[in-house]
Structures are given as C-alpha cells and as structure tokens.
Amino acid sequence: METQTLATNTARRLTAAVKAAAGALADGQPVALPTETVYGLAADALRPDAVVHIYEAKERPLFDPLIVHLPSRDWLDRVANIPDGSRAIVEALMARFWPGPLTLVLPRRSIVPDIVTSGLETVAVRMSAHPVFRAVIEHFGLPLAAPSANRFGRISPTTVEHVQSELEGRIPLIVDGGPTEHGVESTILKIEGGELQMLRAGPVTPEDLGGVFHALCEARNYRPTETEVAYFFERLGVSFSAMLRGESSVSVEAPGQLASHYAPQTPLRLIAPGVSVLIYDQENEVPARLGSLAFQEPSTAAEFVCEEILSPAGDLREAAATLFAKMRRLDEAGLDMILAEQVPERGLGIAIMDRLRKAAAQHV
Ligand code: AMP
Ligand code: MG
C-alpha cells in the first residue's frame, strides 16, 4: 500500500488535507492525525470494519481498548452512560480540561462497538484541542477511535517522521501537523461512583486535578478535611503527605497499562542523578556503548558515545515534549544501553517517570 503524507502548513494545504482525511475516514480507512499529545491513528469509531484496520496496522492485540475522540461535547452522552453521582465531576473536568489532553473512562453505551472497548463495559473518551485534528473530526462529524500511531509496544510518535517510520506502507494517509505540543500521551482518569482514579499519568497533572476538586468543594461552600483531600490524591495514585513535603509523590504504579508499553529496542536503565556507573559488554569485555538521557545537565555517570538532554532550562513541560523524540534518536544510535536519569517526580515529571519506568521494565 502506498502511504501519502499531506502537509497543513498553508490554508490551502490544510483545506485539502482535511477533505482528503475526512474522505478516507468515510471510506472506512485509517488515517494518522496529529493531536496535542502524540500522533493518533484514527478510524470511524462506530464502524467495526474501519476500527479493525487500526489493530491490523498497529499489530495491536484486541484486548487493548482504544480511546474515542469526540467531535463535540454533546457526543459525550451518546457514547457514555454517565451515572447521576458522577455528573458534577464530569461536567467540572470537561469545563476545565476539554478540549485538551484528558481522557475520561466512563460506562459505555451500546452504540460503541465491542472492538473499540475490547468488550469492556466502559469507554475511554477525549476531545482533542489540536486544530488539525479538530478540523478533520468536525468535517467528518462522527467519533473517531484513535490510539497512538505506532506499532504495538513501541514509542509513541511525536513527529510525522516517527509516524512514517512506524506505519509507512500500512495505512493510506498521514496528515502532517508538525511536532506535537505535549509529547506524552493523555492523562487517563476513570470515574466511578463520583470518584476519580488515575489510570495513566499525563499532561493533566494530579495538582491540576486537585484544583478541580477544591473548586467543586468551594462551589458547594464546603471545606474538605485533610483526610478527604488525602483520600482524593491517594485515589489518583499520589501520596498527599509526600506532596505536602514537596517530595516524590507517586505512591502506586498507574494500573490498567501493560508494563512494557513505551519501549525503545535498546535496553534502558534508570539511574539516580549524580551516581557513577560502569557497564561492560559481557561478550567482548570492553566498555559498552552507552547513551545518556539526562534531565537538565550532561550526565557524569559514565563515558557516553551519545547524549541527549531533555531540558537545559529544567522545564518539565519541555522535557515531556521532547522525551519520545530523544528516546527514539538514542534507540537508533546502535547503543548497547541507554542510561536515563530520573527527573523530579512532581507535575509533568510524574508522567515522564511513568514512561521511563515502562521503558526500563521492557528489558528486565
Ligand atoms: P493509546 O491511545 O495507544 O495510548 O491507548 C489507549 C489506552 O487507553 C489503552 O492502552 C488503555 O490503557 C486505555 N483505555 C482505553 N479504553 C479504556 C477503558 N475502557 N478502560 C481503561 N483503560 C482504557
Ligand atoms: Mg499507545
């Protein structure tokens, strides 16, 4: 299959690309589109014969459910069956974070095919803020199933070149929207009985969600006790007391995700900043070819043949935005091992550490 890549960097190209993408989607074809998190591989979410192409192109196992992107807010109640007890929190989260990088897991309605939810009784929904994605989905007019546009088990694509190297020859169309803004996948929140559980850390941080919790209490003239606040964060998988002390705040691993999800092919090991490491190639007894993925300053842990720094300014947003591109570059450098330095585990650092741990788990 020949894969066409369409640019969107002029008004005329954007119009042509949107039309071509909506046409291919209406034909039941899969199309790679930019979102504000990573590139997605989209297909008509209501047509199993269209959605099956996503699983085929990605070689994704059928037990891994897809996220459904909505064309507008009024689609939410058509795909999800929101219990009364969850309504207020859903409305508050939508008002604050949609369109944006937040996915909500809610009870589904039967309009959503089994192949999208892997037979689960819940559906994951999101509304993208990316102008190109929005133009396409508004033109198309129906929900799109769109997981990340990489082959299963590999690093999510944050540039059009990544998508091409993952899916060239497997899908008919890729729409180029430039590098993505956030660079890590959306935050996934499960809402059950009015309570939130963070299934995946992402650009919307526990601190951001805490802001919504406090605003909801304030709107009801209610002052939550410290125990209630602590319970809220613990449900998110974040230790409230550690957060108050300004320490690493993740108390549990986000559940519901395969451990080896964001993996480079090169073994990756996590190291604490400031330590020295000496690793030998066991067969040839020579120092291994090491690559470094450091946070702010060049790593002094070992001799490196290849180095990447996530953010010289120490900005976690910048670090997240370039994480996957730098991991990919190191992965393609023919190294024996990548040593990745831990980043501060607060705000977006929680999502970055989650992805680094998963990359490291692949090779244990
Ligand atoms: P991706 O878009 O490639 O990051 O993959 C979507 C991810 O969303 C899946 O791997 C699941 O972990 C998660 N997901 C989708 N639907 C559900 C659901 N109904 N319940 C829990 N997690 C879900
Ligand atoms: Mg993915």
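Model, not experiment: these values are computed from the prediction.

S.K.: So what exactly am I meant to see when it comes to the packing of aromatic side chains here?
M.R.: Aromatic ring pairs are reported here in terms of the distance separating the ring centres and the angle at which the planes meet. Applying the stated criterion across every chain, the model contains 2 aromatic pairs. Seen from their ring centres, Phe-213 and Phe-232 are 4.4 Å apart, and the 20° between their planes marks the pair as stacked. One end of the pair, Phe-213, is in helix α8 (residues 206-219); the other, Phe-232, is in helix α9 (residues 226-235), with 19 residues separating them in the sequence. For the pair Phe-213 and Phe-232, one class covers both residues: buried. With centroids separated by 5.4 Å and ring planes inclined at 90°, the aromatic side chains of Phe-232 and Phe-233 adopt a geometry described as edge-to-face.

S.K.: I'm lost on the domain arrangement of the chain in this one. Help?
M.R.: Put simply, an interface is often sized by how much accessible area is lost when its parts join up. Taken as a whole, the chain is organised into domain 1 (1-257) and domain 2 (268-361). Taking only C-alpha atoms into account, the centre of domain 1 sits 27 Å from that of domain 2. Taken over both partners, the interface formed by domain 1 and domain 2 buries close to 1,900 Å², and the fraction arising from carbon and sulfur atoms is 55%. Across the domain 1-domain 2 interface, the total number found is 2 salt bridges. Across the salt bridge formed by Arg-328 and Glu-166, the nearest N and O atoms sit 3.3 Å from each other. In this structure, the connection of domain 1 to domain 2 is made through 6 residue pairs in polar contact (both at pLDDT 80 or more). Ranked by the residues each element gives to the side of domain 1 that touches domain 2, the list is headed by helix α7 (residues 160-167), at 3 residues. For the side of domain 1 that touches domain 2, the residue count by class is 8 nonpolar, 11 polar and 7 charged.

S.K.: In this structure, what is going on with the environment of Pro-48? I would like to understand it.
M.R.: Relative to the assigned elements, Pro-48 resides in helix α2 (residues 48-58). When the C-alpha atoms of Pro-48 and Val-116 are compared, they prove to be 7.8 Å apart, with 68 residues separating the residues in sequence. Pro-48 has contacts with Pro-113 and Ile-115, leaving out every residue within four places of it along the chain.

S.K.: What should I look at first to understand the sheet that holds strand β3 (residues 40-44) in this one?
M.R.: Sheets are built from strands that pair by backbone hydrogen bonding, the pairs being arranged parallel or antiparallel. Read from one edge to the other, the open sheet built from 10 strands follows the order β1-β8-β2-β3-β7-β4-β6-β5-β9-β10, with strand pairing classed as mixed. Among the strands making up the open sheet, the edge pair consists of β1 (4-6) and β10 (195-200).

S.K.: Sorry if this is basic, but what is going on with the pairing of β10 here?
M.R.: Along a regular strand, successive side chains alternate from one face of the sheet to the other. The pairing of strand β9 (residues 187-192) with β10 spans 5 bridges and is antiparallel. Bridge pairing in β10 links Glu-192 to Glu-195. Two successive antiparallel strands, β9 and β10, enclose a turn made up of 2 residues, where Gly-193 displays a positive phi of approximately 55°.

S.K.: Got a minute to help me understand the layout of surface pockets in this structure?
M.R.: Rolled over the atoms, a probe with the dimensions of a water molecule shows which regions are left empty. By volume, the second largest pocket is sized at about 410 Å³. Lining the second largest pocket are 15 residues, with Gly-194, Phe-213, Leu-216, Cys-217 and Phe-232 positioned closest to its centre. Where the lining of the second largest pocket is concerned, the elements lending two or more residues are α4 (84-97), β10, α8 and α9. Taken together, the residues of the lining of the second largest pocket break down into 9 nonpolar, 2 polar and 4 charged.

Conventions we followed
Residues numbered from 1 in each chain as written. Chains lettered and ligands numbered in written order. Predicted model: local features only at pLDDT ≥ 70, side-chain atom pairs only at ≥ 80, totals over all residues. Heavy atoms only, no water. Phe/Tyr/Trp six-rings, centres within 6.5 Å; stacked < 30°, edge-to-face > 60°. Helix = DSSP H or I, 4+ residues; strand = E, 2+ residues; numbered from the N terminus. Buried < 20%, exposed > 50% of the residue type's maximum accessible area, 1.4 Å probe, protein only. Domains from an automatic or database assignment. Buried area = accessible area lost by both parts, 1.4 Å probe. Salt bridge = Lys/Arg side-chain N within 4 Å of Asp/Glu carboxyl O. Polar contact = N/O pair within 3.5 Å; in protein donor to acceptor, adjacent residues only side chain to side chain. Nonpolar A, V, L, I, M, F, W, Y, C, P; charged D, E, K, R; others polar. Contact = heavy atoms within 4.5 Å. Pairing = 2+ DSSP bridges. 1 Å grid on protein atoms, 1.4 Å probe; cavity = no way out; pocket = protein on both sides within 12 Å on 5 of 7 lines; lining within 4 Å. Points joined across faces, edges and corners; volume = space filled by probe spheres on them.

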